[in-house]
Amino acid sequence: MQLPVQPHASLAPFTPAGRRSLRVFGAEVELVYVPERKARLDRATGERPAFRRSPASRIVAEEAFWRGDGCVLTPNRYPFAAQQRLLWPLDRTRELRLEHWRAIVGWVRASGGSAMVNNVGAAATIARAHAHLVPERLAFLTELGERVCARDLVDLPDGVVLLQKEVPFCLVGVRGGVDGVAEALVRLAEARLTAAWNVVVVEDAAWVLPRSVETPAPFFPYALGAAELWGRWCYMDEAPFQSASAQDLEQALVAAAMPVLA
């Protein structure tokens, strides 16, 4: 499956009301004030019900601007990046399959961009599997130190290396070719013992954050998602946006993630 790289006229503009930058664990992150994201239905708050009719089928049917190989692309109505689009499988699944990961990793390399995946329990507002695709790269994950992970977590495909970032929480990744990274992500999903995770695909690697807590308050007052792991912290209220410190964001990541692999 080859996804189109070019933008589409239906993609919503990204116009944050404010921007700041900090250094978190020595790496650069950006904070954006995006109050319009408060309008998203079923954000992860204490008021979110256990069940509600999913809007995924309507979005896929009404908003798609590209279709192919059992997937569609739609705009993101509440973007956290420019030219942001969503990849949806047509089938009703909560986990992406191998062919979806191949398409996502391939798109990232063809576009020079990034891809992000959340699930319920890790900032997703819609349970059907989907990926955020953006033609942009940020510095955060690249600037964090890393080392080869010596743990025997999965059987790695040929040419793939298992890595972990040098941070005080569990952040592991895989680096290799398109097919190898996609296959490794499927195997890591099978090995995952947490209900939720975030995945960020950048350059030649994919990074995964198994989750412990969805909303790491008081350090970050919203559900922490793949956007924040990517390096863009999205604030819907001005006061926490203005007052957030690097120490707050570091503690938010530690609180939201699982402990470092022993």
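Scroll up a little and you will see the structure.
Source: prediction; values computed, not measured.

Each value, and the rule that gives it
Residues numbered from 1 in each chain as written. Predicted model: local features only at pLDDT ≥ 70, side-chain atom pairs only at ≥ 80, totals over all residues. Heavy atoms only, no water. Pairing = 2+ DSSP bridges. Helix = DSSP H or I, 4+ residues; strand = E, 2+ residues; numbered from the N terminus. Axes fitted to C-alpha atoms, helices over the stretch in contact; angles between N-to-C directions. Parallel < 35°, antiparallel > 145°, perpendicular 65-115°, else oblique. Left-handed = near helix turned anticlockwise from the far one by under 90°. Contact = heavy atoms within 4.5 Å. Nonpolar A, V, L, I, M, F, W, Y, C, P; charged D, E, K, R; others polar. Buried < 20%, exposed > 50% of the residue type's maximum accessible area, 1.4 Å probe, protein only.

Caption draft 1: Here's a closer look at the sheet that holds strand β5 (residues 85-89). With antiparallel pairing, the 10 strands of this open sheet are ordered in space as β3-β4-β5-β7-β6-β11-β12-β10-β9-β8. Each edge of the open sheet carries a strand with a single partner, namely β3 (66-68) and β8 (146-148). Between one strand axis and the next, the sheet turns by 25° as a mean value, whatever way the strands run. Pairing of β3 with strand β4 (residues 71-75), which is carried by three bridges, proceeds in the antiparallel orientation. By the bridge assignment for β4, Trp66 is matched with Leu73.

Caption draft 2: Looking closely at the packing of helix α2 (residues 98-111) against helix α4 (residues 178-191). The contact between α2 and α4 brings their axes to 8 Å, and the two run at 135°. On the basis of their axis angle, the class for α2 and α4 is oblique. With respect to the hand of their crossing, α2 and α4 are arranged in right-handed fashion. Here α2 contributes Leu98, Trp101, Arg102, Val105, Gly106 and Arg109 to the contact with α4, which in turn contributes Val178, Asp179, Val181, Ala182, Glu183, Leu185 and Val186. Broken down by class, the residue content of the contact of α2 with α4 amounts to eight nonpolar, one polar and four charged.

Caption draft 3: Quick look at the pairing of strand β9 (residues 161-165). Of all five residues making up β9, four are buried, and the element is well covered by its neighbours. Pairing analysis gives three bridges linking β8 to β9, with the strands arranged antiparallel. What sits directly across from Glu146, in β9, is Lys165. Two elements, β9 and strand β10 (residues 172-175), share four bridges in a ladder whose sense is antiparallel. The residue bridging Leu162 from the neighbouring strand is Val174, located in β10. Counted along the chain from β9 to the antiparallel partner β10, the turn is six residues long.

Caption draft 4: Fine view of the environment of Asp248. The topology assignment puts Asp248 in helix α7 (residues 246-256). For Asp248, a relative accessible area of 23% corresponds to the partly exposed category.

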